[in-house]
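Coordinate analysis (summary)
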Amino acid sequence: MVTGAGGNVVVLAKPEGLLLVDSGSAERAADLVGLLGQKFGAAPIGVLFNTHWHLEHTGGNDAIAARGVKTIVAHENTRLWMSTKFYVEWEDKYYQRRAPASRPNKTFFTSDKQPFELTFGGERVVYGQLTEAHTDGDVYVHLPEHNVIVAGGAVTAARYPCSTTSRAAGSAHGGGDAELIGLADASTLIIPDVGPPQSAPTSKRRSRCCRRCASASKPSRCRAGRRGHDCRGYYEGVRRALQRRFCTVHHQCLSEHVVESTPGHRGIED
Ligand SMILES: [Zn+2]
């Protein structure tokens, strides 16, 4: 696992090459490619998964494509977002069409029978969509032999898991969390978008916490509310503006989760 590349990047190294999950941000792409060279020499990149279109996870695609990658796997919606110029109102920002070589070239639709499976270097790699998660095309990548699930933006560890699509705004990632928890056992490590790996029980607790907070009708029900924090107004603001912000109660919960998470499962990091 490579941290500090924007979003987390996971590398599966096999004698015939590398499989990557996500490519980090464009700003850190040169560092990521440098790190791959340092650790794995000129090993070819056979497969790159994009868990979703956000630039913290696909910004490095151009650099990876320039280094050489055979297959970029993603949900079809991710390819569509990366293939067009669009404007996000709450960010007041235009996103540019991505270069053809950096776009996914192997995609699937929500209606396709899932999960999918491929073999890389003799290892099973299982993947599929997380519905009602973070975008309209979130993908998890499950490495059963390592008992690792890369969850992309559907799970956050170091910041409040604020939904970024109107479709998911009210669910606080509840659907995606439930699917992940269904795939995991007690010792599964779940790799979030940034931050340290999470254990499945930790994710389950976080999911409960998020659901409770997102549906809280009386601010006094939570500790932050008792301290005068306007949770209700806060969530309405979140739903309206879809902004990534910290809520005191979530911040506190997440701090506990980070403390509880299991360190030491990182293969490599910068
Ligand atoms: Zn994201």
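Predicted, not measured: the structure shown is a model, and the values here were computed from it. (Residues numbered from 1 in each chain as written. Predicted model: local features only at pLDDT ≥ 70, side-chain atom pairs only at ≥ 80, totals over all residues. Heavy atoms only, no water.)

Before going further, it helps to examine the nonpolar core. In this structure, Leu19, Phe49, Val125, Tyr127 and Val141 are the most contacted members of the largest nonpolar core, which totals 21 residues. Secondary-structure elements contributing two or more residues to this core are β1 (10-14), β2 (17-21), β3 (45-49), β8 (116-120), β9 (123-129), β10 (139-143), β11 (148-152) and β12 (189-192). Setting aside chain neighbours within four positions, we find Phe49 in contact with Leu19, Leu20, Val21, Asp22, Val73, Leu118, Val125, Tyr127 and Val141. (Core = buried A, V, L, I, M, F, W, Y, C linked by side-chain atoms within 4.5 Å. Buried < 20%, exposed > 50% of the residue type's maximum accessible area, 1.4 Å probe, protein only. Helix = DSSP H or I, 4+ residues; strand = E, 2+ residues; numbered from the N terminus. Contact = heavy atoms within 4.5 Å.)

Further remarks concern the pattern of salt bridges. Any two side chains of opposite charge can pair, so long as their charged atoms come close to each other. Under the defined criterion, the tally for this structure stands at five salt bridges. In this structure, the salt-bridge partner of Glu76 is Arg79, at a minimum N-O distance of 2.6 Å. Of this pair, Glu76 and Arg79 both sit in helix α4 (residues 76-82), three residues apart, which is roughly one turn of that helix. Judged by relative accessible area, which is 7%, Glu76 ranks as buried. (Salt bridge = Lys/Arg side-chain N within 4 Å of Asp/Glu carboxyl O.)

Each strand in a sheet pairs with its neighbour through backbone hydrogen bonds, running either in the same direction (parallel) or in the opposite one (antiparallel). Overall, mixed pairing links the six strands, which are arranged β8-β9-β10-β11-β12-β13 in an open sheet. Since the sheet does not close on itself, it has two edges, and those belong to β8 and β13 (198-199), each with one partner. The pairing of β12 with β13 spans two bridges and is classified as antiparallel. Bridging from a neighbouring strand, Leu189 pairs with Ser199 of β13. (Pairing = 2+ DSSP bridges.)

If you walk across this open sheet you meet the five strands as β1-β2-β3-β4-β7, and the pairing is mixed. Both outer strands of the open sheet, β1 and β7 (106-108), are each paired with one neighbouring strand and no more. Ignoring which end each strand starts from, the neighbouring axes of this sheet average 15° apart. Sheet analysis places β1 next to β2, joined by five bridges and oriented antiparallel. (Axes fitted to C-alpha atoms, helices over the stretch in contact; angles between N-to-C directions.)

So, on to the pairing of β12. Along β12, one buried face is formed by Leu189 and Ile191 and the opposite face, lined by Ile190 and Pro192, is buried too. Direction of pairing for β11 relative to β12: parallel, over a ladder of four bridges. Its bridge partner lying in β12, Gly152 is registered against Pro192. Taking the residues that link successive antiparallel strands as the turn, the β12-β13 hairpin has five residues, and the phi of Gly195 there is positive, at about 90°.

What follows covers the packing of aromatic side chains. Overall, the coordinates contain ten aromatic pairs when judged by the stated rule. Geometrically, the ring pair formed by Trp53 and Trp81 is tilted, given 5.8 Å between the ring centres and 35° between the ring planes. With Trp53 in the loop between β3 and α2 (55-58) and Trp81 in helix α4, this pair connects stretches of sequence that are 28 residues apart. Accessibility expressed as a relative area gives 29% for Trp81, which makes it partly exposed. With a centroid separation of 5.1 Å and 85° between ring planes, the pair formed by Trp53 and Tyr95 is classed as edge-to-face. Of this pair, Trp53 sits in the loop between β3 and α2 while Tyr95 sits in strand β6 (residues 93-95), and the two are 42 residues apart along the sequence. Across the pair, Tyr95 and Trp53 agree in class, each one buried. (Phe/Tyr/Trp six-rings, centres within 6.5 Å; stacked < 30°, edge-to-face > 60°.)

Looking at where Gly153 falls in the secondary structure, it is placed in the loop between β11 and α5 (174-183). As for Gly153 and Val139, which are separated by 14 residues in sequence, their C-alpha atoms are 9.0 Å apart.

Here we take up unusual backbone geometry. The linkage connecting Gln114 with the following residue, Pro115, adopts the cis geometry, with an omega of 5°. With respect to the secondary-structure elements, Pro115 resides in the loop between β7 and β8. The residue Asp92 is not glycine, and still its phi comes out positive at about 50°. Its place among the elements puts Asp92 in the loop between β5 (86-88) and β6. Backbone geometry places Asn147, a non-glycine residue, at a positive phi of 55°. By the element assignment, Asn147 lies in the loop between β10 and β11. Asn147 sits in the buried class, given a relative accessible area of 19%.

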